[in-house]
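Structural features, examined
The chain contents come next:
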Amino acid sequence: VVGRLTPAGPSVFKSSRVHEYTYAIKAPPYVELEIDGDDGAVEVTGWRGRIDFDVDDGDVYLDDIKNTKTSLSVDDGDVTVLSLVGEFGLSGDDGDVSLSGCVVEGASLNLDDGDVMVRESSGDFAISLDDGDVSLDLMSTSSVSVRADDGDVDVAIESGATEEVNVNTDDGNVMVSMSPESAYSFGISVDNGGVRIDLTEVGEMRKDEHSASGVVRGGGGRVRITTDDGDVMLVES
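Parameters at a glance
Each residue is numbered by its place in its chain's sequence as written, counting from 1. Side-chain atom pairs in this predicted model are given and counted only at pLDDT of 80 or more, local residue features only at pLDDT of at least 70, and totals for whole chains, interfaces and linings cover all residues. As a rule here, side-chain values cover all heavy atoms of the structure and leave hydrogens and water aside. Starting at the N terminus, helices and strands are each numbered in turn, a helix being any DSSP run of H or I of at least four residues and a strand any DSSP run of E of at least two. Values of the radius of gyration come from C-alpha atoms, whereas the globule rule sets the reference at 2.2 Å times the count of residues to the power 0.38. Buried, partly exposed and exposed residues are distinguished by accessible area as a fraction of the type maximum, computed with a 1.4 Å probe on protein chains only: under 20%, between the cut-offs, and over 50%, respectively. The contact rule is simple, with two residues in contact once any of their heavy atoms fall within 4.5 Å. A 3.5 Å cut-off defines polar contacts: any pair of N or O atoms within that distance qualifies, except that in protein one atom must be a possible hydrogen donor and the other a possible acceptor, and neighbouring residues in sequence count only when both atoms are side-chain atoms. As a per-residue quantity, pLDDT reports the predictor's confidence and falls between 0 and 100. Any carboxyl oxygen of Asp or Glu within 4 Å of a side-chain nitrogen of Lys or Arg constitutes a salt bridge here. Between any two strands, at least two bridges found by DSSP are needed for them to pair.

Thoughts on the overall build of the chain
A count of helices and strands for the chain gives 0 helices and 22 strands. In summary, the chain has a C-alpha radius of gyration of 22 Å against a globular reference of 18 Å for 237 residues, an excess of more than 25%. Summarising its shape, the C-alpha atoms of the chain cover approximately 85 × 40 × 20 Å along the three principal directions. Considering the chain as a whole, with its 237 residues, one finds that 38% of them fall into the buried category.

Here it is as structure tokens:
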């Protein structure tokens, strides 16, 4: 919100002073919230209705969000999300993204330039970014998909039946840590880099300098990792 104060009376030269304001808006938490902003930070706490933001330049902070869907579009700014329950979607040009203590029904994150960090959260994640690192520390998930052009990827899954983990990078190291109870088949392909496997109960193991495959505890889920330039590690947490 921008207010302009213009001097009264006739003048050859027009001048104005620009004043910026900060507003704290209180509303019933169950209503839908839609915000379009050019320049400024947005903070929302304790919301239960659907959220739809389109912010050009400013940070976004969300805490204690429980709704059907949260959609964010941020051109330039960092996004911090705490204790969100529901569907989550984000598109951004330049900024870091941090999620902590979230239970997502499904999360889709598309970024041009920025790091993604997810901690102590559960749910399915689909992440695509051009330039930035990805770090996922998930309590449980059935599906993880990461596509990165330039950056390291670190995925750790603590428990639960994981159906699919798919990581594809052009330039960056990849580390995937699976739960020691998970059952899955895996396939790894590297054009320029090394492959390290540290797993138990592996059958049908095949490994060479730039690839590896096998079946862990009889299979069930699937882990696929490909990178053009970088090292790959597949381990058990």
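From this point, things continue past the structure.
Here's the deal with the environment of Thr 162
Mapping Thr 162 onto the fold places it in the loop between β14 (153-159) and β15 (164-171). Thr 162 sits 32 residues away from Asp 130 along the chain, and the two C-alpha atoms are 26 Å apart. Every residue in contact with Thr 162, bar those within four places of it in the chain, is listed here: Thr 141, Ser 142, Ile 157, Met 178, Gly 221 and Arg 222. From its side chain, Thr 162 meets the backbone oxygen of Thr 141 in a polar contact 3.3 Å long.

Focus on the confidence of the model for the chain
As a note on interpretation, predicted positions should not be read in detail where pLDDT is low. Mean pLDDT for the chain: 90, with 91% of residues reaching 70 or above. Between the elements of the chain, mean pLDDT differs from a low of 52, seen in strand β1 (residues 2-5), to a high of 98, seen in strand β8 (residues 97-100).

Notes on the environment of Asp 63
Following the sequence through the fold, Asp 63 ends up in strand β6 (residues 60-76). Overall, the relative accessible area of 23% leaves Asp 63 in the partly exposed class. Those residues within four positions of Asp 63 in sequence are excluded, and the remaining contacts are Val 44, Thr 45, Gly 46, Leu 82 and Ser 83.

Topic: the pattern of salt bridges
All chains considered together, the criterion is met by 8 salt bridges. With a closest N to O distance of 3.2 Å, Arg 147 and Asp 170 form a salt bridge. Of this pair, Arg 147 sits in strand β13 (residues 143-150) while Asp 170 is found in strand β15, placing the two residues 23 residues apart along the sequence. Glu 201 is the salt-bridge partner of Arg 217, the closest N and O atoms lying 3.7 Å from each other. Taken as a pair, Arg 217 in the loop between β20 (211-216) and β21 (221-229) and Glu 201 in the loop between β18 (195-198) and β19 (202-208) lie far apart in primary sequence, 16 residues in all. Taking relative accessible area as the criterion, Glu 201 reaches 55% and is therefore assigned exposed.

A word on the environment of Gly 106
Considering the arrangement of structural elements, one finds Gly 106 in strand β9 (residues 103-113). Measuring from C-alpha to C-alpha, the distance between Gly 106 and Lys 69 comes to 9.4 Å, with 37 residues separating the pair along the chain. For Gly 106, the contacting residues outside a window of four places in its chain are Gly 86, Glu 87, Phe 88 and Asp 124.

Digging into the pairing of strand β11 (residues 125-131)
Judged from the 6 bridges that link them, β9 and β11 form a sheet pairing that is parallel. Looking across to β11, one finds that Leu 109 is bridged to Ile 127. Bridge count between β11 and β13: 6 bridges; the pairing is parallel. Along β13, the bridge assignment pairs Ser 128 with Arg 147.

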